[in-house]
Amino acid sequence: MPKVLIADKLSPRAAKLFEERGVEVDVVHGLSEEDLVARMGDYDGLAVRSATKATAAVLEAGARGRLRVVGRAGIGVDNIDVPAATAHGVVVMNTPYGNAVTTAEHAIAMMFALARQLPAADRSTQAGKWEKSKFMGVELSGKTLGVIGCGNIGSIVCDRAHGLRMKVVAYDPFLSPDRAQDLGVEKVELEELLRRADIITLHVPLTDQTRGILDAEAMAKCRKGVLIVNCARGGLVVETDLKAALESGQVGGAALDVFEVEPAKENALFGTPNLICTPHLGASTAEAQENVALQVAEQMSDYLLTGAVTNALNMPSLTAEDAKHLGPYMALADQLGSFAGQLTRTGLKAIRIEYEGHVAGLNTRPLTQAVLVGVLRPMLDSVNMVNAPVLARQRDIAVAETKYERDCDYQTLIRVTLETEKQVRSVAGTLFGGSKPRLVEIKDIQVEAQLGQHMLYLTNHDTPGVIGSVGRILAEAGMNIATFHLGRAEAGGDAICLIELDAEIPPAALAEVRALPQVLRAEPLRF
Ligand SMILES: NC(=O)C1=CN([C@@H]2O[C@H](COP(=O)(O)OP(=O)(O)OC[C@H]3O[C@@H](n4cnc5c(N)ncnc54)[C@H](O)[C@@H]3O)[C@@H](O)[C@H]2O)C=CC1
Ligand SMILES: O=C(O)CCC(=O)C(=O)O
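Residues numbered from 1 in each chain as written. Chains lettered and ligands numbered in written order. Predicted model: local features only at pLDDT ≥ 70, side-chain atom pairs only at ≥ 80, totals over all residues.

Q: Teacher, can you tell me more about the pairing of strand β9 (residues 199–202) here?
A: In summary, the side chains of a regular strand alternate between the two faces of the sheet. Neither face of β9 is exposed, since I199 and T201 on one face and I200 and L202 on the opposite face are all buried. Of the strand pairs in this sheet, strand β6 (residues 144–148) and β9 are connected by four bridges, and their pairing is parallel. By the bridge assignment, L145 is partnered in β9 with I199. One ladder, built from four bridges, connects β9 with strand β10 (residues 226–230); its direction is parallel. In the sheet register, T201 faces β10, and the bridge partner there is V229. (Buried ≥ 20, exposed ≤ 12 C-beta atoms within 10 Å, placed from the backbone. Helix = DSSP H or I, 4+ residues; strand = E, 2+ residues; numbered from the N terminus. Pairing = 2+ DSSP bridges.)

Here's what the structure looks like:
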């Protein structure tokens, strides 16, 4: 009988459902990483909310035993090391929709609390002060709400804001004009949103592109007295900059459900005027918790008992027969998609996937889904093998698959081409020895590179000294280079360089590399 560990506070109906399905359950909360490492090998599944961290060490210990699946009762999987889970063959599932309404309602509640200073008015009234004139509020009706991130939660917020007779402007590079029209929102660039919004609410995942999206510079561009709501992730708003902006009055009030460091038992922001805080309560309603707990228990028991895969972030729905043939190609497809996706900064219009040689004769549907997941993962927390095609369609991203069974330079090849509003970029890869993914072409330049967890991607002018300068900067930063791959279009022309590092490059070293005169672009990538 399979056995799962519920390591966070989930609705008791999850444990009941597991047992009804014939899955043994232990419910133990508050385990340290050490405790989890010691126990994990005894379980086939681990169910978590956000408190438990499924780190690389925990996953490795689990996989050495019988761990096969980690289920997140919620959306964000920042507490799960998904690449490590993938490396150990552990499926990671989330429940992308179950708490979206509840979280959107929390954002709306925060907006009201700010507009009418409810927490401060409550404290004052209960202290017997009756300070009626001190708590003059603002009306929401007729105000402009700026929504940053218009996915599941952001679009529910837009809907509710219309009910309040607000005007809604949204910034989301992946929001298609048709979808914006359906939602009744005006799609704008970030600068315009900052300039126009009376209230800003954030509903994006925390990624390299969104980290610090509201910093001092952004806040300075806002209307004086703007109100800010963050029920998405800590780190989207720079807390020290917010403190200064609240103190100067540039920001009139902020309501935060999430913090740079959680649990936020101490925070420099605490005590700042016009600040309202809740302890990551966005998803905390009985309804949402029951939805996500039941959903995660259902998905995990289905997988453990029948092999059926739903809402997996790192695995497609596969039959056992397909899995045997496609296994090695899945990693290649994911890596190619992820490589291209991490380098994409502007709206995606099309993804073209070409299969050549041996792979063209296989069932390529799961491979295309794996490419889509890789491409969309840097922008969408909720993407998984199942919903990736739908999410691409909703964003008007055209996906095309072409197969050439003819011979190519390699016995088998997958090429992924991304067309964005500004450019077309392609990357191709093959399998060495039938199982090892290798990149063999980037932007029409031949290379031969293996992707590790931490990579640095450079484009540069092919002039002498680049390798030496980059090597020196990395050495001075104490960075060990694992592999170094070069390619160029022609002597003296465009060149690329892919460097595998033993750890993430520190920001100062990255800035130094970017400042080298020969370097056109330098991007850290994670796989
Ligand atoms: N406070 C809480 O308890 C909860 C927080 N969350 C968090 O809320 C966030 C949003 O969740 P969902 O709406 O379900 O996710 P989603 O994946 O459906 O939507 C995210 C949206 O952000 C957009 N986006 C991505 N990068 C962007 C960028 N650089 N600029 C502007 N837009 C960008 C995407 O195109 C997408 O439409 C996630 O971080 C999630 O973890 C979710 C549930 C509960
Ligand atoms: O489970 C929770 O309370 C947090 C929910 C959340 O942040 C998410 O689903 O991304």
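That covers the picture; the talk isn't over yet.
Q: I keep staring at the site of ligand 2 and nothing clicks. Help me out?
A: In the vicinity of ligand 2, the residues found are R49, S50, G74, I75, G76, N99, H280, G282, A283 and S284. Tallied by class, the residues present in the shell around ligand 2 amount to two nonpolar, seven polar and one charged. (Near = placed C-beta within 6 Å. Nonpolar A, V, L, I, M, F, W, Y, C, P; charged D, E, K, R; others polar.)

Q: Please explain the sheet that holds β6 as it appears in this structure.
A: Hydrogen bonds along the backbone pair up the strands of a sheet, which may run parallel or antiparallel. Read across the open sheet, the seven strands follow the order β8-β7-β6-β9-β10-β11-β12; overall the sheet is parallel. Here the strands that pair on one side only, and so sit at the sheet edges, are β8 (186–187) and β12 (275–277). Those strands touched by helix α7 (residues 152–163) are β6, β7 (167–171) and β9, and its axis lies near 165° from that of β7. Sitting on the sheet, helix α11 (residues 239–248) is in contact with β11 (251–256) and β12, with an inclination near 140° to β11. (Contact = placed C-beta atoms within 7 Å. Axes fitted to C-alpha atoms, helices over the stretch in contact; angles between N-to-C directions.)

Q: Is there a simple way to explain helix α3 (residues 56–64) in this structure?
A: One full turn of an α-helix is made of 3.6 residues, so residues set three or four places apart face in the same direction. Three or more residues of α3 are buried, namely V58, L59 and G62. For α3, the angular spread of the buried residues around the axis is 95°, confining them to a single face. (Arc of directions from axis to C-beta.)

Q: For this particular structure, what's the right way to read the sheet that holds strand β4 (residues 69–72)?
A: Ordered by their spatial adjacency, five strands build an open sheet running β2-β1-β3-β4-β5, and the pairing between neighbours is parallel. Strand pairing shows two members of the sheet lacking a second neighbour, β2 (24–27) and β5 (91–93), which therefore form its edges. Strand-to-strand twist of the sheet, defined as the mean angle between neighbouring strand axes without regard to direction, takes the value 20°. Bridge count between strand β3 (residues 45–48) and β4: four bridges; the pairing is parallel. Note that in β4 the partner of G45 across the bridge is V69. Contacts between helix α12 (residues 286–306) and the sheet are confined to β1 (3–6), β3, β4 and β5, with β4 contributing the most and set at about 165° to the helix.

Q: Help me out: how do you make sense of the site of ligand 1 in this one?
A: Taken together, the neighbourhood of ligand 1 is formed by 35 residues, with G76, G149, G151, F174 and G282 sitting nearest. It is α7 that contributes the most residues to the shell around ligand 1, three residues altogether. For the shell around ligand 1, the residue count by class is 16 nonpolar, 15 polar and four charged.

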